[in-house]
Amino acid sequence: SDLLRLVMDLLHQLAPLRTVATWEQGLYYLCGRYQFSMKPGLKVVVPFFTDVHCVSVVPRNEKTPLNTVTLRDGRTLTYQAALFFQVVDAALAYNSVDNWQETIVELADGMLSELIAESDPKRFEPERNKRSNLRTELRDEINENCGIYGVRMLDIFFSQFVIGVRTIRLMGAERVIGSGK
């Protein structure tokens, strides 16, 4: 199996053509250095000297882990968010950080916790306009930091958003045990 993988990798390196799919943006490298971005299609490469790396530019979604933050009034808020984001600059996403997908999720997760903890607790009441405005403001704040990685946050939705509940985490499993009043 290792020999087969080695043979397949060698054949891939020797093949003079690369395909950039419709949902991707290609990045052209000459001797390991980024040169320019490419549109979808069949691309010619010179084995060992040039290569094309592909980055998906369609919107994608990821979810944050379950988080519990302490609000300014001392109550806790437990939330989980679905993040919808898209690569707007493939070269930045691919070249500026080792794993852009993981980086964006962790950055957004940390910023959400920090921004929620600093916000006025009245904003978390169940009235629709308050939470809708909060989502927009959180997205805009996160976008200010995602731009350096060539990614734009399209939207944030909270799949869990509960005030005053204590969550116990034991070996990676989360359990809600009751009211935190």
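It should be emphasised that the depicted structure is a prediction, and the values quoted were computed from it without experimental measurement.

## Focus: the nonpolar core
Considering soluble globular proteins, one finds that nonpolar side chains tend to be buried as a cluster. Membership of the largest hydrophobic core comes to 33 residues, with the highest contact counts inside it found for L83, W100 and M153. Of all the elements in the fold, those that place two or more residues in this core are β2 (24–30), β8 (76–87), α2 (90–95), α3 (100–118), α4 (128–146) and β9 (151–163). The biggest single contributor to this core is α3, with eight residues. Among all residues touching M153, those that are not within four sequence positions of it are L83, F84, F85, I104, A108, R139, I142, N143 and C146. V20, Y28, V45 and V52 belong to the second largest nonpolar core, which has five residues in total.

## Quick look at the packing of aromatic side chains
For the structure shown, the criterion picks out eight aromatic pairs. Taking the centre distance of 5.9 Å and the plane angle of 55 degrees together, the rings of F124 and F161 count as tilted. With F124 in the loop between α3 and α4 and F161 in strand β9, this residue pair connects regions lying 37 residues apart in the sequence. On the basis of relative accessibility, which here comes to 13%, the residue F161 falls in the buried class. A connected cluster of aromatic rings, assembled from ring pairs, spans Y79, F124, F158 and F161.

## Some words on the confidence of the model for the protein
Regions with low pLDDT should not have their predicted coordinates read in detail. Per-residue pLDDT for the protein averages 87, and the proportion of residues at 70 or more is 87%. Mean pLDDT across the elements of the protein ranges from a minimum in strand β11 (residues 173–179), with 56, to a maximum in α2, with 96.

## What to know about unusual backbone geometry
Even without being a glycine, C31 presents a positive backbone phi close to 50 degrees. Mapped onto the secondary structure, C31 falls in the loop between β2 and β3 (33–38). Phi angles above zero are rare outside glycine, and F48 is one such case at about 75 degrees. Here F48 shows up in the loop between β4 (41–44) and β5 (50–56).

## Quick look at the side chain of T64
When you line up the elements, T64 lands in the loop between β6 (60–63) and β7 (67–70). For T64, a relative accessible area of 1% translates into the label buried.

Cut-off values and rules
- Residues numbered from 1 in each chain as written.
- Predicted model: local features only at pLDDT ≥ 70, side-chain atom pairs only at ≥ 80, totals over all residues.
- Heavy atoms only, no water.
- Core = buried A, V, L, I, M, F, W, Y, C linked by side-chain atoms within 4.5 Å.
- Buried < 20%, exposed > 50% of the residue type's maximum accessible area, 1.4 Å probe, protein only.
- Helix = DSSP H or I, 4+ residues; strand = E, 2+ residues; numbered from the N terminus.
- Contact = heavy atoms within 4.5 Å.
- Phe/Tyr/Trp six-rings, centres within 6.5 Å; stacked < 30°, edge-to-face > 60°.
- pLDDT = per-residue confidence, 0-100.

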